[in-house]
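# Observations on the three-dimensional arrangement
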Amino acid sequence: MSLDVSPKLLAEAERGQVREQDFVETVRTSLPYAYDLIAGLVGELRDSAREFADNHTPPPSEKERGQLLRALASDAIRSSLERHFGVTLAFMNCHRVAVFRPEAQGGETHTRFTSLRSQILNQSPEFRDC
């Protein structure tokens, strides 16, 4: 399971009403490594003039890698985190997450980061089984 959903949040979803802040809190507690990594990158970005901040450090274990993959593979989780933090997320390989300022999306740096060429150039044998 990707998320540890509380009975209260499940009941809200069954009624059709889910507050995004409750969903993001569920993500934070269910996928703490992914949430904290993104939050840290957002802090780095806000403290700089750069267009983006990214992670190059592999997760400490497959458990944390799984959290990251689940968070970024889900459209609902990913877009909620983007709205919550006010950023655009980009993802490459098994752990290279980048946070961009929203206005950078579609710009030269963002386009280069998310390009086919960049994906190919960032491949290495250790990423094959992640």
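The rules behind these values
- Residues numbered from 1 in each chain as written.
- Predicted model: local features only at pLDDT ≥ 70, side-chain atom pairs only at ≥ 80, totals over all residues.
- Heavy atoms only, no water.
- pLDDT = per-residue confidence, 0-100.
- Helix = DSSP H or I, 4+ residues; strand = E, 2+ residues; numbered from the N terminus.
- Buried < 20%, exposed > 50% of the residue type's maximum accessible area, 1.4 Å probe, protein only.
- Contact = heavy atoms within 4.5 Å.
- Axes fitted to C-alpha atoms, helices over the stretch in contact; angles between N-to-C directions.
- Left-handed = near helix turned anticlockwise from the far one by under 90°.
- Nonpolar A, V, L, I, M, F, W, Y, C, P; charged D, E, K, R; others polar.
- Core = buried A, V, L, I, M, F, W, Y, C linked by side-chain atoms within 4.5 Å.

### Let's talk about the confidence of the model for the protein
Considering every residue of the protein, the mean pLDDT works out to 88; 89% of them sit at 70 or more. For the protein, helix α7 (residues 116-121) is the element with the lowest average pLDDT, namely 70, and helix α3 (residues 32-46) is the one with the highest, namely 97.

### A word on helix α2 (residues 20-30)
Among all positions in α2, only Asp22, Phe23, Val24, Thr26, Val27 and Ser30 are buried. The inward-facing, buried residues of α2 contact α1 (7-15), α3, α4 (62-73) and α5 (75-85).

### Examining the packing of α3 against α5
One way to put it is that α3 packs onto α5 with a least axis distance of 11 Å and a crossing angle of 35°. Crossing of α3 over α5 shows right-handed handedness. Facing α3, whose interface residues are Tyr35, Ile38, Ala39, Val42 and Arg46, α5 presents Leu81, His84 and Phe85. The residue inventory of the contact of α3 with α5, partitioned by class, reads six nonpolar, one polar and one charged.

### Quick word on the nonpolar core
Ile38, Ile77, Leu81, Leu89, Val97 and Val99 are the most contacted members of the largest nonpolar core, which totals 24 residues. Top contributing element to this core by residue count: α3, with eight residues. Once you skip the residues sitting within four places of it in the chain, valine 99 turns out to touch Ile38, Leu41, Val42, Leu45, Glu51, Phe52, Ala53, Val87, Thr88 and Leu89.

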